[in-house]
Protein chains: 2
Amino acid sequence: MKALGRQILVEYYDCDEDVINDVSQIESILLDATRKSKASIISHNFHKFSPHGVSGTVVIAESHIAIHTWPEYGYAAVDIFTCGETIDPWIIQDHIREYFHSGNVSSMEMKRGLFRVAEGEELLFKPKDAPSFASNS
Amino acid sequence: MKALGRQILVEYYDCDEDVINDVSQIESILLDATRKSKASIISHNFHKFSPHGVSGTVVIAESHIAIHTWPEYGYAAVDIFTCGETIDPWIIQDHIREYFHSGNVSSMEMKRGLFRVAEGEELLFKPKDAPSFASNS
């Protein structure tokens, strides 16, 4: 069995509450983390909730990163979904941990899109094709 | 232990390849599914890749929905992340299955943001607060 993608579900506990309530800082941290991993950013959206909390997504050519924060609990949920072999999602996980000053991180890696392939055969991944950048939003 | 959110990771196999390669249809199907669940849509972005495949995210007040499709494999990966008790993510899962004509669906539900709370105490969820709609993108 081979997988088209892998996804890391990260629970960041004991974060700096000011950082994870600041939509601009979160946007910078996630975009920097994404660039550090060499993923190709296609679009991003971040939203601040009242009175607290931020949600955001970064669509990358290799899939996506999503975040939801609960500053009142010092907690942020982050998903890092990548396909292909060129991106190391753990670079993104580590960068976010450092800048959120998270004292307690729990991560789970999942395989997505499992297919049975013949010996020596590979699955083809979307990132081999440049995105056309046709978009609806 | 109580959870701030829950997330359904859905593997849709044996989908209609034309549907899951059509960015406009995917956008309509996901937005209709989201509205059917009564979730509040804040923003959405969908992108078509060349030569095939679509990626997209829908940020909702209650968290997010994300999709990546591989029409060449008849496969779509969908995440449905919700917080609070008002939204039933399975309504979204079922709607997408129907319109993708998926012959084989595998879903896994995860709890996100686990906290120990005293007996009778509840965690507060962001959706109780209206989103302020301040956004960076």
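So, how was this worked out
Residues numbered from 1 in each chain as written. Chains lettered and ligands numbered in written order. Predicted model: local features only at pLDDT ≥ 70, side-chain atom pairs only at ≥ 80, totals over all residues. Heavy atoms only, no water. Helix = DSSP H or I, 4+ residues; strand = E, 2+ residues; numbered from the N terminus. Buried < 20%, exposed > 50% of the residue type's maximum accessible area, 1.4 Å probe, protein only. Areas by Shrake-Rupley, 256 points an atom, 1.4 Å probe, with all protein chains shown as cover. Axes fitted to C-alpha atoms, helices over the stretch in contact; angles between N-to-C directions. Parallel < 35°, antiparallel > 145°, perpendicular 65-115°, else oblique. Left-handed = near helix turned anticlockwise from the far one by under 90°. Contact = heavy atoms within 4.5 Å. Nonpolar A, V, L, I, M, F, W, Y, C, P; charged D, E, K, R; others polar. Buried area = accessible area lost by both parts, 1.4 Å probe. Salt bridge = Lys/Arg side-chain N within 4 Å of Asp/Glu carboxyl O. Polar contact = N/O pair within 3.5 Å; in protein donor to acceptor, adjacent residues only side chain to side chain. pLDDT = per-residue confidence, 0-100. Expected span 1.5 Å × (residues − 1). Arc of directions from axis to C-beta. Least-squares fit on C-alpha atoms with pLDDT ≥ 70 in both.

Colleague: Could you clarify how one ought to interpret the overall build of chain A in this entry?
Modeller: What chain A contains, in helices and strands, is two helices and seven strands. In sequence order, the secondary structure elements of chain A are arranged as β-α-β-β-β-β-α-β-β. Across the 137 residues in chain A, those meeting the buried criterion constitute 55%. Summed over its atoms, the accessible surface of chain A is roughly 5700 Å², and 47% of this surface lies on carbon and sulfur atoms.

Colleague: Any chance you could explain the packing of helix H1 (residues 23-36) of chain A against helix H2 (residues 89-100) of chain A here in plain terms?
Modeller: Each packed pair of helices is defined by two parameters, the angle between the axes and the distance between the axes. Residue and element names in this part refer to chain A. Running from N to C, H1 and H2 point in directions that differ by 150°, and their axes come no closer than 8 Å. In terms of axis orientation, H1 runs roughly antiparallel to H2. Considering only the axes of H1 and H2, their crossing is right-handed. Two secondary-structure elements touch here, H1 through Ile26, Ile29, Leu30, Asp32, Ala33, Thr34 and Lys36 and H2 through Ile91, Ile92, His95, Ile96, Tyr99 and Phe100. Within the contact of H1 with H2, the residues separate by chemical class into nine nonpolar, two polar and two charged.

Colleague: Is there a simple way to think about the interface of chain A and chain B in this case?
Modeller: A common way to report how large an interface is uses the accessible area buried once the components associate. Taken residue by residue, the interface counts 60 residues in chain A and 60 residues in chain B. Carbon and sulfur atoms supply 58% of the area that chain A and chain B bury against each other, a total of about 4800 Å² over both sides. The tally of links between chain A and chain B comes to four salt bridges. We note a salt bridge from Arg112 of chain A to Glu11 of chain B, for which the minimum N-O separation is 2.5 Å. Counting every contact that joins chain A to chain B gives 21 residue pairs in polar contact (both at pLDDT 80 or more). Of all the elements in the fold, those that place two or more residues in the side of chain A that touches chain B are strand E1 (2-13), H1, strand E2 (41-49), strand E3 (54-60), strand E4 (63-70), strand E5 (75-83), strand E6 (104-115) and strand E7 (131-136) of chain A. Among the elements that take part in the side of chain A that touches chain B, E2 of chain A stands out by supplying eight residues, more than any other. Looking at the side of chain A that touches chain B residue by residue, the class counts come to 31 nonpolar, 20 polar and nine charged.

Colleague: Please clarify how the pattern of salt bridges should be interpreted in this entry.
Modeller: Side chains that carry opposite charge are capable of pairing whenever their charged atoms lie near each other. Across all of its chains, the model carries eight salt bridges over all chains by this definition. A salt bridge links Asp32 of chain A to Arg35 of chain A; its shortest N-O distance comes to 3.2 Å. With a gap of three residues between them, Asp32 of chain A and Arg35 of chain A both fall in helix H1, about one helical turn apart. The class of Arg35 of chain A is partly exposed, set by a relative accessible area of 47%. Taken together, the shared-partner salt bridges in this structure form one network comprising Glu11 and Asp79 of chain A together with Arg112 of chain B.

Colleague: How do you make sense of the confidence of the model for chain A when you look at a structure like this?
Modeller: Do not read the predicted coordinates in detail wherever pLDDT is low. Residues and elements named next belong to chain A. When pLDDT is averaged along chain A, the result is 90, and 90% of the positions lie at 70 or above. Throughout residues 127-137 the model reports pLDDT below 50, and contacts reaching past four residues in sequence, or to other chains, amount to 28 contacts. Scoring the predicted complex yields pTM 0.90 and, for the interface, ipTM 0.89.

Colleague: Looking at this structure, how should I read H2 of chain A?
Modeller: Three or four residues apart is the spacing at which side chains of an α-helix point the same way, because the helix has 3.6 residues per turn. Residues and elements named next belong to chain A. Here H2 contains 12 residues, and its C-alpha end-to-end distance of 17 Å stays within 8% of the 16 Å for a straight helix at 1.5 Å per residue. Among the residues making up H2, those that are buried are Pro89, Ile92, Gln93, His95, Ile96 and Phe100. Relative to the axis of H2, the buried residues are bounded by an arc of 165° and lie together on one face. In this structure, the buried side of H2 is in contact with E1, H1, E4, E5 and E6. Two or three places before Trp90, at the opening of H2, Asp88 has a side-chain oxygen 2.9 Å from that residue's backbone nitrogen.

Colleague: How should the relation of the copies chain A and chain B be read in this particular structure?
Modeller: Superposing chain A onto chain B requires a rotation of 180° together with a translation of 0.0 Å along the rotation axis, leaving an RMSD of 0.0 Å. In the structure described here, the two chain copies are related by an operation that fits a two-fold rotation axis. No C-alpha of chain A approaches the rotation axis more nearly than that of Thr57 of chain A, which lies at 3.6 Å.

Colleague: Teacher, can you tell me more about unusual backbone geometry here?
Modeller: Where the residue is not glycine, phi is negative for most of them; where a peptide bond is considered, it is trans in most cases. Residue and element names in this part refer to chain A. In this chain, Ser50 is followed by Pro51 through a cis amide linkage whose omega measures 5°. Positioned with a positive phi, Asp14 is a non-glycine residue whose angle comes to about 55°. As for its position among the elements, Asp14 is in the loop between E1 and H1.

Colleague: Just to check I follow, could you spell out the side chain of His95 of chain B for this structure?
Modeller: Residue and element names in this part refer to chain B. Checked against the element boundaries, His95 lands in helix H2 (residues 89-100). Judged by its relative accessible area of 6%, His95 falls in the buried class. If we skip the residues at most four places from it in the chain, His95 touches Ile29, Asp32, Ala33 and Lys36.

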